[in-house]
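# Chain and residue survey
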Amino acid sequence: MKDKIKIIPLGGAAEIGKNMMLYEFDDKILVVDCGVMFPDEEHPGVDLIIPDFTYLKENRKKIVGLCLTHGHEDHVGAMGYFLSEFTDVKVYGTPLTLGIMGIRLREAPIDPKQLKTQVVQAGESAQIGPFNVEWIRVSHSIPDACGLAITTELGTVVQSGDFKWDQNPVDGKTPMISRFAHYGEEGVLALLSDTTNSTRAGSCESESTVRPALERIFADAPGRVFVATFGSNVHRVQQVLDIAHLYGRRVAYTGRSMLQICQVATELGYLKPPAPVVDVEKIDEFPDDKVCVIMTGSQGEPMAALSKIARGNNRFVTLRENDTVVLSSTPIPGNEGAIYKVINNLCMAGAHVFRAPHDHVHVSGHGNREDLKLLLNLTKPKFAIPYHGEPRHALAYADLCEEMGYSRDQIPFMQIGDVVEVSPNGISMVDQVAAGEVLVDGLTIGDVGYSVLRDRKHLSDDGVVVASVIIDKKSGAILNGPDLTQRGFLHQPNNEEFLKGAGQKVTDRIKAVKGGAGGDLNGLNRLIRETLSDHFWAQLKRRPMILPVVMEV
């Protein structure tokens, strides 16, 4: 069908994370990005959340390629799972983006020799089936980030990618504003825009504006300097390297992702240390005022380098008084508690802590309202579609578009699985496809359902009581038990007496039932569960998970 373009989000719509967008035209599908989302407190025990590939599996013969906008986890983190299923799909991306994807694929069951990839530079195009795709450089908190202009016979759709306009970038590579303007003059059917900072007024600051604050911190630091940031923020790392060199400090990296990404970025020429980087285990060979360590853990992740150092569990680094720690990031919503815990541990160890927003040591990688308006003015789309943001961001973006003269019927709100058809004549939501969350738990992919999560949450909140009973198969008489064992439920010293009393309640209830336990094991299980549940609630106002174990002999 050539009279409409279908736009189908499998992730990243009305949410932040697991970005994956499909474009369907002339019976062919172009995939853009394939990222992960990290679990929250509603997903106990889950490692990662990835998009649901069901629709793609049902239409695998239609897939002509996958384009990557940049190398952040929420855009490339699920590529190992995707390529394990779709081994013949060709992947297109800029050099650093494909380099970071390669890191993520090291632990995937994929033979690198079988991968089909094509490196594209910003400003270059690729013909992928009926889609002509141009990678347009934007600014973001990672090098090589691009928006995409996806052109078909019917017209052009622009996907902004994660972006801001940095007029003074650290690497000197300014965003390709003129290319967005070019497509705006040619005519853009639809713009899918990053809306992450649609609630923030003004324009986002340049990455280079953090340098003065970092320089002052280095100038005043009496001892070692530790800087925690994202490994993918190569421009931030470059600034720290340059400032450390200016003040005569040797630099070491620590943290798995920091080491991996800095190695790839250096090999590809995106990161240029002015002096050789030293191994972190050798930093004690240098005076404290000549040492800087760049590490992961700015979000309080418990297993990251900074958290281990704060707890005193790092193999190579022990905090000392007069150490300086810089958290060069802002808290991701939900991480505040973990970050404050790390900060408190750092302060208890005598470290001087600097962090955003109190100190100007971080800027966002996403454009604010004026930046979003500029992209609208450049591309002049018929339809403006909010993407990469939660519902509150989409609503703020819609208000912004109305300020720019758009009507609400030109600003569709998408959710994952929606099928949006766009043409020069209009835009409409016509269908829904299978979409949602696939939970990754260890080596288990998709087998952890919400009933499992509910049980895990129940266990973590209230604990578990196992009630073991042995009954006579013929008479139904109790031969042994009930024996009650608990975990995570009771901690008071007299819990054995309490559990014996609860067990006696079960015994009395079974004896009171006409005919004893009979032969109805399901009924007996239910009776044990109800008796204990009622007793625990009456005595403690708590409802642990109760697991009856009934054996017949």
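The present account deals with the structure reproduced in this document.

### Observations concerning the environment of Ile343
Its place among the elements puts Ile343 in helix H10 (residues 336-348). Sequence separation between Ile343 and Val325 is 18 residues; the distance between their C-alpha atoms is 9.2 Å. When neighbours within four sequence positions are excluded, Ile343 is seen to be in contact with Leu327, Val353 and Arg355.

### Some remarks on helix H14 (residues 495-512)
Along its 18 residues, H14 runs 26 Å from first to last C-alpha, staying within 8% of the 26 Å computed at 1.5 Å per residue. Those residues of H14 that fall on the buried side of the exposure criterion are Asn495, Phe498, Leu499, Ala502, Gly503, Val506, Thr507 and Ile510.

### Observations concerning the packing of aromatic side chains
The tally for this structure, following the rule as stated, stands at six aromatic pairs. For the ring pair Phe53 and Phe82, a centre distance of 5.7 Å and an interplane angle of 85° mean the geometry is edge-to-face. Separated by 29 residues along the polypeptide, Phe53 in the loop between strand S4 (48-51) and helix H1 (54-58) and Phe82 in helix H3 (residues 79-85) bring together distant segments of the chain. The burial state of Phe53 is the same as that of Phe82; both residues are buried. Measuring from ring centre to ring centre gives 6.2 Å for Phe53 and Phe86, while their planes differ by 80°; the resulting arrangement is edge-to-face. Of the two residues, Phe53 is situated in the loop between S4 and H1 and Phe86 in the loop between H3 and strand S6 (91-93); the sequence distance between them amounts to 33 residues. Comparing Phe53 with Phe86, the two get one shared label, buried. In this structure an aromatic cluster arises from ring pairing among Phe53, Phe82 and Phe86.

### Focus on the side chain of Ser364
By secondary structure assignment, the location of Ser364 is in the loop between strand S17 (352-355) and helix H11 (369-379). Look at Ser364 and you get buried, because its relative accessible area is 15%. Here Asn197 takes part through its side chain, which lies 3.0 Å from a polar atom of the side chain of Ser364. If we skip the residues at most four places from it in the chain, Ser364 touches Lys164, Asn197, Arg200 and Cys204.

### Let's talk about helix H6 (residues 211-220)
Each full turn of the α-helix corresponds to 3.6 residues, which orients residues three or four apart in the same direction. For H6, the complete set of buried residues consists of Ala213, Leu214, Ile217 and Phe218. Here the buried residues of H6 occupy an arc of 135° about the axis, which is enough to place them on one side. Among the exposed residues of H6, those oriented more than 90 degrees off its buried face are Arg216 and Asp220.

### Some points on the layout of surface pockets
Each pocket or cavity is described by its volume, and for the second largest pocket that value is around 380 Å³. Taken together, 19 residues form the lining of the second largest pocket, with Thr254, Gly255, Arg256, Leu259 and Phe316 sitting closest to its centre. Residue assignment for the lining of the second largest pocket shows that the elements contributing at least two residues are strand S14 (250-254), helix H8 (256-267) and helix H9 (305-311). Residues belonging to the lining of the second largest pocket are distributed by class as follows: nine nonpolar, five polar and five charged.

### Describing the packing of H6 against helix H7 (residues 234-246)
It is at 10 Å that the axes of H6 and H7 come closest, and there the two elements cross at 40°. By the angle class used here, H6 and H7 are oblique. Once H6 is placed against H7, the crossing between them reads as right-handed. On the side of H6, the interface is formed by Arg211, Leu214, Glu215 and Phe218, while H7 contributes Arg236, Gln239, Val240, Asp242, Ile243, Ala244 and Leu246. When grouped by side-chain class, the residues that make up the contact of H6 with H7 number six nonpolar, one polar and four charged.

### Side note on the sheet that holds strand S7 (residues 117-119)
Ordered in space as S7-S6-S5-S3-S2-S1-S19-S20, the eight strands form an open sheet in which the pairing is mixed. Bordering the open sheet on either side are S7 and strand S20 (426-432), each of which pairs with just one other strand. Each adjacent strand pair in this sheet contributes to an overall mean axis angle of 25°, direction not counted. Where strand S2 (residues 20-25) meets strand S3 (residues 28-32), five bridges bridge the pair, whose relative direction is antiparallel. In the strand pairing of S3, Glu24 is matched with Ile29.

### Let's talk about empty space enclosed by the protein
In total, this model carries one cavity of 30 Å³ or more according to the counting rule given. Considered as a void within the structure, the largest cavity measures approximately 60 Å³ in volume. Surrounding the largest cavity, Ser298, Leu327, Ser329, Thr330, Pro331, Ile339, Tyr340, Ile343, Arg355 and Ala356 form its lining. Tallying contributions element by element places H10 first for the lining of the largest cavity, with three residues.

### Looking at the sheet that holds strand S8 (residues 125-128)
Strands in a sheet are paired, the pairing made by backbone hydrogen bonds, and the direction either parallel or antiparallel. One open sheet accounts for six strands, arranged S8-S9-S10-S11-S12-S18; its pairing is mixed. Each of the sheet's edge strands pairs with one partner strand only, and the pair in question is S8 and strand S18 (381-387). Here the average twist between neighbouring strands, direction ignored, is 20°. Relative to S18, strand S12 (residues 188-194) is paired through six bridges, and the arrangement is parallel.

The rules behind each value
Residues numbered from 1 in each chain as written. Predicted model: local features only at pLDDT ≥ 70, side-chain atom pairs only at ≥ 80, totals over all residues. Heavy atoms only, no water. Helix = DSSP H or I, 4+ residues; strand = E, 2+ residues; numbered from the N terminus. Contact = heavy atoms within 4.5 Å. Expected span 1.5 Å × (residues − 1). Buried < 20%, exposed > 50% of the residue type's maximum accessible area, 1.4 Å probe, protein only. Phe/Tyr/Trp six-rings, centres within 6.5 Å; stacked < 30°, edge-to-face > 60°. Polar contact = N/O pair within 3.5 Å; in protein donor to acceptor, adjacent residues only side chain to side chain. Arc of directions from axis to C-beta. 1 Å grid on protein atoms, 1.4 Å probe; cavity = no way out; pocket = protein on both sides within 12 Å on 5 of 7 lines; lining within 4 Å. Points joined across faces, edges and corners; volume = space filled by probe spheres on them. Nonpolar A, V, L, I, M, F, W, Y, C, P; charged D, E, K, R; others polar. Axes fitted to C-alpha atoms, helices over the stretch in contact; angles between N-to-C directions. Parallel < 35°, antiparallel > 145°, perpendicular 65-115°, else oblique. Left-handed = near helix turned anticlockwise from the far one by under 90°. Pairing = 2+ DSSP bridges.

Don't take any of this as a statement about function, it's just geometry.
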